[in-house]
Amino acid sequence: MAVRATAIRATAEAMSSVLAFCQWLHDLPISRALSESDWAFPIVESVHVLALTLMVGTVALVDLRLLGIALRREQVSVVAGQLLPLTWIGFAVMALSGAALFASEAVRLAGSVAFQLKLVLLLLAGANLVVFHFTAYRHVATWDRGTATPRGARISAAVSLLLRSEEHTSELQSQRDI
């Protein structure tokens, strides 16, 4: 019983710290300016959605190539090599604009289940990407020219597409909560 009470207290203290940080972030002058502006928030949100679209679109093309659905005549390494710079640009702009949007709504979003789900899905998608690059993609030279990709690469691509679609759904829910 004492262990449970200690765990509950520790969780409450951690939540209090998170909320205090979110309040501090929300109170920054730039966060206030963004949330109180009639035009800045919609512009930053539009940039965020466009960057998200760029990132998800380029990742989806690579995933569809890995699944053998699109670009079957192209080598995986060529498709990935051409799209990866665009993916990183989309990710960087999405992360920066997302951080600004979060800062302007930090207190409210900290308690949003949809936003928390979005963060979990982002982490899972990132973990899937890391696993793919350190397993199947390490040996791309051995299977790059064929239309059939290894099972691990296909599973990673399917998981990526699933996570991205769920991430998009949670993004829509998170925006609806605003």
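The sections below set out a description of the structure shown in this document.

Reading the values: the criteria
- Residues numbered from 1 in each chain as written.
- Predicted model: local features only at pLDDT ≥ 70, side-chain atom pairs only at ≥ 80, totals over all residues.
- Heavy atoms only, no water.
- Helix = DSSP H or I, 4+ residues; strand = E, 2+ residues; numbered from the N terminus.
- Buried < 20%, exposed > 50% of the residue type's maximum accessible area, 1.4 Å probe, protein only.
- 1 Å grid on protein atoms, 1.4 Å probe; cavity = no way out; pocket = protein on both sides within 12 Å on 5 of 7 lines; lining within 4 Å.
- Points joined across faces, edges and corners; volume = space filled by probe spheres on them.
- Patch = residues over 30% accessible without salt bridge, like charges linked within 9 Å, V, L, I, M, F, W, Y side chains within 5 Å.
- Areas by Shrake-Rupley, 256 points an atom, 1.4 Å probe, with all protein chains shown as cover.
- Salt bridge = Lys/Arg side-chain N within 4 Å of Asp/Glu carboxyl O.
- Axes fitted to C-alpha atoms, helices over the stretch in contact; angles between N-to-C directions.
- Parallel < 35°, antiparallel > 145°, perpendicular 65-115°, else oblique.
- Left-handed = near helix turned anticlockwise from the far one by under 90°.

### Observations regarding the environment of I30
- Here I30 shows up in helix α2 (residues 29–36).
- Its relative accessible area of 67% is what places I30 among the exposed residues.
- In the structure, I30 is positioned 74 residues away from S104 in sequence and 8.1 Å away in space, judged by C-alpha atoms.

### What about the layout of surface pockets?
- What the largest pocket holds in volume is close to 560 Å³.
- Taken together, 26 residues form the lining of the largest pocket, with V59, T87, L129, H133 and R164 sitting closest to its centre.
- Going through the elements one at a time, α3 (40–66), α4 (76–104), α6 (113–134) and α8 (151–177) are the ones with two or more residues in the lining of the largest pocket.

### Considerations on a nonpolar patch on the surface
- On the surface, a nonpolar cluster with roughly 620 Å² of combined accessible area is contributed by W39, I43, V47, L54, L86, I89 and V93.
- At the level of secondary structure, the elements contributing two or more residues to the nonpolar patch comprise α3 and α4.
- Mapped onto the fold, I89 is located in helix α4.
- Overall, the relative accessible area of 48% leaves I89 in the partly exposed class.

### A closer look at the packing of α3 against α4
- At their nearest, the axes of α3 and α4 sit 7 Å apart, and the two run at 150° to each other. It follows from the interaxial angle that α3 and α4 lie roughly antiparallel. Here the hand of the crossing between α3 and α4 comes out left-handed.

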